[in-house]
Amino acid sequence: MRAARLHEYTHDMSNGLSIDEVDAPQVASGDDVIVEVEGAGWCQTDNHIIEGMWDQYVPQDLPMTLGHENAGTVVETGDDVDIVSEGDQVICHPVQTCGTCRPCRQGETMYCENDAFNGLTTDGGFADQLLTSDRSVIPLPGGVDPADIAPHADAGITAYHAAKKAVDGLNPGDTAVVIGIGGLGHIGLQCLDAMCAANLVAVDIKQSARDLADDLGAHYTIDPESEDVASEVEAISDGVGAAQVLDFVGADETTALAPDICATGGDHHIIGYGGHIHEPAQALVNGEFAYQGNIVGQYTELQELVALVERGAVDLHTTQYDLGEVNTVAQMLENREIDGRAVITP
């Protein structure tokens, strides 16, 4: 079968992955599920993996097939699988968990001590077929196209995971700021809109992204290149500041906004990454705000997000590309030329 493989780390996105012929996955244990991939979302994390940014954090044996946002049709299962059958359409949580370690028994999918992460630590879905497990697949509602929903497997639940935490700190009339209305941010904005009654402020340097935010429920938009974000948030919130900030960029410039835009006791959620946090400890003490890290959501949160999708509360803005266009997509994302989410359709 065909697979888009990373052979060595590089910053040259035009030549990051190669399309190789590899053996198709085989059922080797009772809980295995093999999925014919119909949609695999491209993520900024894929660019970071190609660059080698994750090498110091997780084991990566190259060559490896990338792709961690996968959906498609079940083609084969192990003998112990009863949650899905051949022919079922599914979305795949990117992590396969053991189910027996303490974090798993507590329901903390992302803290599993024996996990395998498609496209990060083991082969992913930029391929004709994907090997996963019965603990990772969720049957799709009727009428939902796997290619349309695939990015929710990571972008969706990561954004939902952050929004769900933020909602706990939002009362009606509070101000919530969403920084970066891209592949994750446009989902996070919709999740907030569906789950709270806060005033939603979208911040993005691109006019097209701000227009998208308007369409998706933002009450205010800010262009950080022509407007002072702190002053605008102060005016919108009547001097209180933002009770919750969802930072889908995670650059030095955006993390530095926290002391100036967070309300006392607020949270600045870091979802995007690549930058750093450079703030004096006194700034956190003075404002009693907190930086909050986020990683991919739990299996149950993917179920909850699928329910929001089925209800029509969350919509994905996507563009589809052939498997052979993976490097073109990587370049486009690097150059901020993609609004919403890119989906590879093997």
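For every chain, the first residue of its written sequence is number 1, and the numbers climb from 1 along that sequence. Under the rules for a predicted model, residues below a pLDDT of 70 receive no local features and side-chain atom pairs below 80 are neither given nor counted, while totals for whole chains, interfaces and linings still include all residues. Just so you know, side-chain values use all the structure's heavy atoms and leave hydrogens and water out.

**Student:** Residues and numbers for the sheet that holds strand β2 (residues 18-21), please.
**Tutor:** Any two strands with at least two DSSP-identified bridges between them are counted as paired. A run of H or I in DSSP counts as a helix once it spans at least four residues, and a run of E counts as a strand once it spans at least two, with each numbered from the N terminus. Read from one edge of the open sheet, three strands run β2-β1-β4, paired in antiparallel fashion. Edge strands, defined here as strands with exactly one partner in the open sheet, are β2 and β4 (64-65). Two elements, strand β1 (residues 2-6) and β4, share two bridges in a ladder whose sense is antiparallel. Bridge pairing in β4 links arginine 5 to threonine 65.

**Student:** Now, about the layout of surface pockets: what can you tell me, with residues and values included?
**Tutor:** Size it by volume and the second largest pocket reaches roughly 340 Å³. Using only the protein atoms, space was sampled on a 1 Å grid; points where a 1.4 Å probe fits but cannot get out form cavities, open sets with protein on both sides within 12 Å along at least five of seven lines form pockets, and lining residues are those with an atom within 4 Å of a point. Lining the second largest pocket we find 22 residues, and of these Pro25, Asn118, Thr122, Asp123 and Leu131 sit closest to its centre. Here the element with the most residues in the lining of the second largest pocket is strand β9 (residues 129-133); it accounts for five residues. Gly falls in the polar group here, along with every residue not listed as nonpolar (Ala, Val, Leu, Ile, Met, Phe, Trp, Tyr, Cys, Pro) or charged (Asp, Glu, Lys, Arg). Among the residues forming the lining of the second largest pocket, the class breakdown is eight nonpolar, nine polar and five charged. Grid points are joined across faces, edges and corners, and a volume is the space filled by probe spheres set on the points.

**Student:** Explain the packing of helix α1 (residues 44-51) against helix α12 (residues 326-334) to me, using residue names and the numbers behind them.
**Tutor:** Viewed as axis vectors pointing N to C, α1 and α12 meet at an angle of 105 degrees, and their least axial separation amounts to 10 Å. With respect to α12, the axis of α1 lies roughly perpendicular. For the pair α1 and α12, contact is made by Gln44, Asn47 and Glu51 and by Ala330, Leu333 and Glu334, respectively. Tallied by class, residues from the contact of α1 with α12 come to two nonpolar, two polar and two charged. All axes are obtained by fitting lines to C-alpha atoms, using only the stretch in contact for helices, and the reported angles, taken between N-to-C directions, cover 0 to 180 degrees. For classification, angles of less than 35 degrees are called roughly parallel, those exceeding 145 degrees roughly antiparallel, those between 65 and 115 degrees roughly perpendicular, and all remaining angles oblique. Contacts were defined at the residue level, with two residues in contact if any of their heavy atoms lie within 4.5 Å.

**Student:** Any details on the packing of aromatic side chains? Residues and values, ideally.
**Tutor:** Only Phe, Tyr and Trp rings are paired, with Trp represented by its six-membered ring, and only when their centres lie within 6.5 Å; those with planes under 30 degrees apart are stacked, over 60 edge-to-face, the remainder tilted. The full count for this structure, using the stated rule, is four aromatic pairs. Consider the rings of tryptophan 54 and tyrosine 57, whose centres lie 6.0 Å apart with planes at 65 degrees: the pair is edge-to-face. Think of it in three bands: residues with accessible area under 20% of the maximum for their type are buried, residues over 50% are exposed, and the middle band is partly exposed, with areas taken using a 1.4 Å probe on protein chains only. According to the relative accessible area criterion, tyrosine 57 is exposed, its value standing at 60%. Ring centres of tryptophan 54 and tyrosine 273 lie 5.9 Å apart, and the angle between their planes is 85 degrees; on these two criteria the pair is classed as edge-to-face. Residue tryptophan 54 is located in the loop between α1 and β4, and its partner tyrosine 273 is located in the loop between β15 (262-270) and α10 (281-287); the two are separated by 219 residues in the primary sequence.

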